[in-house]
Amino acid sequence: MNFAETLHTNPIFDVVARQAAALDVRAYVIGGFVRDLILKRPSKDIDIVCIGSGIDLAEAVGRELKVPVVVFKNFGTAMLPSGREPDVVTEESKPVPAGPTLGWEVEFVGARKESYRSESRKPIVEDGTLEDDQNRRDFTINAMGISLNENDFGQLLDPFGGLEDLRRKTIRTPLSPAITFSDDPLRMMRAIRFATQLGFDIEPDTFDAIVEMKDRLAIVSRERITDELNKIILSPKPSYGFKLLYHAGLLDFIFPELLLLKGVETIEGKGHKDNFYHTLQVLDNVSERSDDLWLRWAALLHDIAKPATKRFDPKVGWTFHGHEDLGAKQVPGIFRQMKLPLNEKMRFVKKLVRLHLRPIALVKEQITDSALRRLLIEAGDDLEALMNLCRADITSKNYDRVKKHLANFDKVERKLRELDERDKLRNFQPVITGELIMEAFGLKPSKEVGQIKIAVREAILEGTVVNTLEAAIPFMLEEGRKMGLEPVKDLISNLNSTSAENTH
Ligand code: CTP
């Protein structure tokens, strides 16, 4: 197979070929880029391996293209940065260096041969051939190279049958899986990640080795594990990856809270649904609607507190009262454990977990404007995401039941939209602030101030008072009077002059 024509469409390969020839080293494009080229998938990064110094070649290419080169002396590698932000941000993500960039990240490494001395865990790393380098890679589909050398430019070099494995949709290690996984135990997760992203099977010997060696994952940093987990979550059908993680025995180690959802308990002939499989179904449903990693995390965590809140009531059967609030409380701990960012993304997930039952509850109740208003205000700008999660949460084996539920849900959504347009409540702030209440009654911060504030807010939500100063000030004064407070300032006559000022 020859890829010369395709490679010529990206000028970077001609530059690498020219500079490699000038330095008298052989160079190959290798790994994920080759795999994605054959699969006709878009690829982002280019890995170049050369028989010689990767750093020298990178510097020569950087000089010709006039782009900065980042050198990692300790690893003997160098790269031309892409300028893109990383897809998935964990706490350890590298900063992107300044300067003109190619839009591609190009990494250069010299081919290496690694051997393990039996008396030491430390590998001896020596310069090696292309085959040595291919031997050390994770999977056959990631071990293919394409020559960038004059005599055979564009030629595919595939010593382990990677092309055939792509055709058969198989993830397989190039060497015996025990060797490949010992080199880097994260590869056990990568096997599952690639299977999930590509919809491939894991070859049985490779899978059995994961089951056997799963404990080795303990030496891998949590950031690298979470990176792979996020890639599984961002795949077209993430449930497949979670089922593989479960069957391989890895889920227990990386995400024990999720595993607790598994299983069905039956008392007096009444069972509840298996919340593990339900959660995976919700995750897949949400993934059909949105690529957002954090919405997908919210789907994964929406029922996370069900095991802790599960009760059996002989009259009504199984209940999980309060699982939404307890689940929201568990989100920061899980994010911390996973080394996920503890910022607004975490707060978004927490909010969705806390609110995930609210729209469904509205389907069952007589819908009042006040219940809808409360939801609009609490969800704010995350309302669409919340509605997406709730639709995804309607799972049942009974197709008619799902259809009926979704139709009711359409009604709730329509009403919410109407109310939103009419009342503009999305990012609602009551006009009556604590400061205004204190000014009106000459109060210091106190319980009374809070009570009046809540009363005003409730009246606005119930629709008995409009959210304007003209309507809300008299109401606030009345509430104060009911509590035995007397106004010390004439806010009503001030109002006209204030609103006149505000128009300027
Ligand atoms: N690789 C490996 N073992 C690892 C990580 C990477 O052998 N633990 C090799 C593989 O040959 C892989 C290449 O390094 O193809 C590049 O790694 P990476 O960028 O992580 O993966 P890609 O295959 O490029 O895929 P993606 O961009 O989807 O992560």
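All chains use their own residue numbering, which begins from 1 and follows the written sequence. Local features in this predicted model are restricted to residues whose pLDDT is 70 or higher, and side-chain atom pairs enter the listing and the counts only when it is 80 or higher, whereas totals over whole chains, interfaces and linings include all residues. To get the side-chain values, all heavy atoms of the structure are used, and hydrogens and water are removed first.

Novice: Now, about the nonpolar core: what can you tell me, with residues and values included?
Specialist: As used in this record, nonpolar core signifies buried Ala, Val, Leu, Ile, Met, Phe, Trp, Tyr and Cys residues forming a set joined through side-chain atoms within 4.5 Å. The rule is simple: take the accessible area with a 1.4 Å probe, protein chains only, and divide by the maximum for that residue type; under 20% is buried, over 50% is exposed, in between is partly exposed. If you look at the biggest cluster of nonpolar residues, it comprises 115 residues, and the most contacted ones within it are Ile48, Phe242, Phe255, Trp297 and Leu301. Contact between two residues is taken to exist if any of their heavy atoms lie within 4.5 Å; hydrogens are not considered. Excluding residues that lie within four positions of it along the chain, Ile48 makes contacts with Phe13, Val16, Ala27, Tyr28, Val29, Leu57, Val106, Glu107, Phe108, Val109 and Leu148. In terms of nonpolar packing, the next biggest core, distinct from the first, is built from 21 residues, Val456, Ile460, Ala472 and Leu495 among them.

Novice: An account of the sheet that holds strand 4 (residues 77-80) is needed here, citing residue identities and associated values.
Specialist: We call two strands paired when DSSP finds no fewer than two bridges between them. Only DSSP runs of H or I reaching four residues or more are called helices, and only runs of E reaching two or more are called strands; each is numbered from the N terminus. The strand order 3-4-5-2-1-8-9 describes an open sheet built from 7 strands, whose pairing is mixed. The open sheet has two edge strands with one neighbour each: strand 3 (70-72) and strand 9 (156-157). Note on method: axes are straight lines fitted to C-alpha atoms, helices fitted across the in-contact stretch only, with angles between N-to-C directions ranging 0 to 180 degrees. Lying over the sheet, helix 2 (residues 11-23) contacts strand 1 (26-30), strand 2 (45-51), strand 4 and strand 5 (105-110), oriented at roughly 15° with respect to strand 2. Those strands touched by helix 4 (residues 54-65) are strand 1, strand 2, strand 3, strand 4 and strand 5, and its axis lies near 20° from that of strand 4.

Novice: Help me get a handle on the packing of aromatic side chains, residues and values and all.
Specialist: The geometry of two aromatic rings is summed up by the distance between their centres and the angle between their planes. Here is the rule: rings of Phe, Tyr and Trp (six-membered ring for Trp) pair when centre to centre is within 6.5 Å. Planes less than 30 degrees apart are stacked, more than 60 are edge-to-face, and the remainder are tilted. Across all of its chains, the model carries 9 aromatic pairs by this definition. Their ring planes at 65° and their centres at 6.1 Å tell us that Phe33 and Trp104 sit as a pair that is edge-to-face. Placement of Phe33 in helix 3 (residues 32-39) and of Trp104 in the loop between strand 4 and strand 5 is noted, with a sequence separation of 71 residues between them. Residue Phe33 is classed as buried on the basis of its relative accessible area, which comes to 7%. A relative accessible area of 26% places Trp104 in the partly exposed class. Pairing Tyr246 with Phe276 gives two aromatic rings, centres 5.7 Å apart and planes at 55°, and the pair type is tilted.

Novice: Help me get a handle on the domain arrangement of the protein, residues and values and all.
Specialist: Just so you know, the domain bounds were taken from an automatic or database domain assignment. Each assigned domain of the protein is listed with its residue range as follows: domain 1 (4-167), domain 2 (169-254), domain 3 (266-428) and domain 4 (434-503). Summarising the inter-unit geometry, the C-alpha centres of domain 3 and domain 4 are found 35 Å apart. Taken residue by residue, the interface counts 5 residues in domain 3 and 7 residues in domain 4. Together domain 3 and domain 4 conceal approximately 610 Å² of surface at their shared face, both sides included; 55% is due to carbon and sulfur atoms. The largest contributions to the domain 3 side of the interface with domain 4 come from Arg373, Arg374 and Phe428, which together make up 73% of the buried area. Whenever a nitrogen or oxygen atom comes within 3.5 Å of another N or O atom, the pair is scored as a polar contact, on the condition that within protein one atom can donate a hydrogen and the other can accept it, and that pairs from neighbouring residues in sequence are kept only if both atoms are in side chains. At the boundary of domain 3 and domain 4, one finds 4 residue pairs in polar contact (both at pLDDT 80 or more). Polar here means any residue outside two lists: the nonpolar Ala, Val, Leu, Ile, Met, Phe, Trp, Tyr, Cys and Pro, and the charged Asp, Glu, Lys and Arg; Gly therefore counts as polar. Considering only residue class, the side of domain 3 that touches domain 4 consists of 2 nonpolar, 1 polar and 2 charged. Accessible area that two parts lose when put together, with a 1.4 Å probe and added across both, is what the buried area reports.

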